[in-house]
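Architecture and fold: a report
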Amino acid sequence: MGIFSRTRDIVAANFADLLDKAEDPAKMIRMIILEMEETLVEVRASAARTIADQKEMRRHVAKLAALGDGWTEKAELALSKGREDLAKAALIEKRRAADMADQLRAEVGVLDDALRASEEDIAKLQKKLTDARSRQNSINTRLESANNRARLREMWNGPRTSEAFSRFDTLERQVDQAEGRAEAMGLTGPKSLHDEIAALRADDEVDADLAALKARMKKEG
């Protein structure tokens, strides 16, 4: 069963109310658009049939007009030959053709009114359909944005992220321990020959500085 029962229901529909009341707004807007598209196809098909009927009726009117002209010529011919009875009969047929043409013109006028109404309905339906598609795009954009935010929050707060950061902490502790071992080995390891000779030179330099300081203080004293 459709959401709308006829074209006028679609034109008068308030999409905001329909979506607010819907349990699944995205599904509701899809159903609305589908039904509107189907209705638009039906209205256009009906308008096409109306146009075809009009063309056929106008062709009949033209034929009846030509038929009337033919009966006029026949009436003139009959009068010229002194056959007033035949001329009268021809004029009666001309009147019948004219009456049929008038009836068809009246029907064409009715179809004109119906076609104008169809054109108005098509314009209103198209406008409503454009509005519905715009709302669908808005709903889809909002839904996609909400899903993306949910995925980001799940990624940030989820167990996989916590596990990854826990692994980072473990790796950092392992690096700290490795660096500590390297530093400890440097502090406690035996000095090389180069280090010991450098230390002796440093001691000599310190002793020289100390002797110089004593000599200066003695002179000043």
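Residues numbered from 1 in each chain as written. Predicted model: local features only at pLDDT ≥ 70, side-chain atom pairs only at ≥ 80, totals over all residues. Heavy atoms only, no water.

1. Considering the overall build of the chain
Keep this limit in mind: Put simply, DSSP marks the helices as runs of H or I at least four residues long and the strands as runs of E at least two long, and each gets a number from the N terminus on. Contacts were defined at the residue level, with two residues in contact if any of their heavy atoms lie within 4.5 Å. Computed with a 1.4 Å probe, the accessible areas rest on the Shrake-Rupley method; for each residue, only the protein chains presented here act as cover.
Counting its regular elements, the chain contains six helices and zero strands. Starting at the N terminus and walking to the C terminus, you meet the elements of the chain as α-α-α-α-α-α. Taking all contacts inside the chain whose residues are at least 6 apart in sequence as the whole, residues at least 24 apart take part in 77%. For the chain, the computed accessible surface area is about 17,200 Å², with 55% contributed by carbon and sulfur atoms.

2. Regarding the environment of Ala 101
Residue placement: Ala 101 occurs in helix α4 (residues 84-157). Each C-alpha atom, one on Ala 101 and one on Ala 65, is 7.3 Å from the other, the two residues being 36 residues apart in sequence. If we skip the residues at most four places from it in the chain, Ala 101 touches Val 61 and Leu 64.

3. Observations regarding the confidence of the model for the chain
Detailed reading of the predicted coordinates is not advisable wherever pLDDT is low. Counted only if it meets this: Values of pLDDT, which run from 0 to 100, indicate the predictor's confidence residue by residue.
Per-residue pLDDT for the chain has a mean of 78; in total, 71% of the residues score no lower than 70. Ranking the elements of the chain by mean pLDDT puts helix α1 (residues 7-12) last with 60 and helix α3 (residues 25-80) first with 89.

4. Some words on a negative patch on the surface
Which entries qualify depends on this criterion: A patch consists of residues exposed above 30% relative accessible area that lack any salt bridge, with like charges linked at up to 9 Å and nonpolar side chains (Val, Leu, Ile, Met, Phe, Trp, Tyr) linked at up to 5 Å. Throughout this description, the term salt bridge denotes a Lys or Arg side-chain nitrogen within 4 Å of a carboxyl oxygen of Asp or Glu. Here Asp and Glu are counted as negative and Lys and Arg as positive; His is not counted, and neither are the chain ends. All charge positions are set by atom: Lys at NZ, Arg at CZ, Asp at CG, Glu at CD. Think of it in three bands: with a 1.4 Å probe and only protein chains considered, a residue is buried below 20% of the maximum accessible area for its type, exposed above 50%, and partly exposed in between.
Together, Asp 203, Asp 204, Glu 205, Asp 207 and Asp 209 make up a region of like negative charge exposed at the surface. Mapped onto the fold, Asp 209 is located in helix α6 (residues 193-220). By relative accessible area, Asp 209 is classed as exposed at 54%.

5. So, the pattern of salt bridges
Taken as a whole and assessed by the stated rule, the structure comprises seven salt bridges. Between Asp 85 and Arg 83 there is a salt bridge whose closest N-O contact spans 3.1 Å. In this structure, Glu 93 and Arg 96 form a salt bridge, with 2.9 Å as the shortest nitrogen-oxygen distance. In this pair, Glu 93 and Arg 96 are both assigned in helix α4, three residues apart and thus about one turn of the helix distant. When its relative accessible area of 27% is taken as the criterion, Glu 93 is described as partly exposed.

6. Looking at a nonpolar patch on the surface
Taken together, the side chains of Leu 210, Leu 213 and Met 217 present a nonpolar region at the surface, about 270 Å² in accessible area. When you line up the elements, Leu 213 lands in helix α6. Residue class for Leu 213 comes out partly exposed when judged on its relative accessible area of 37%.

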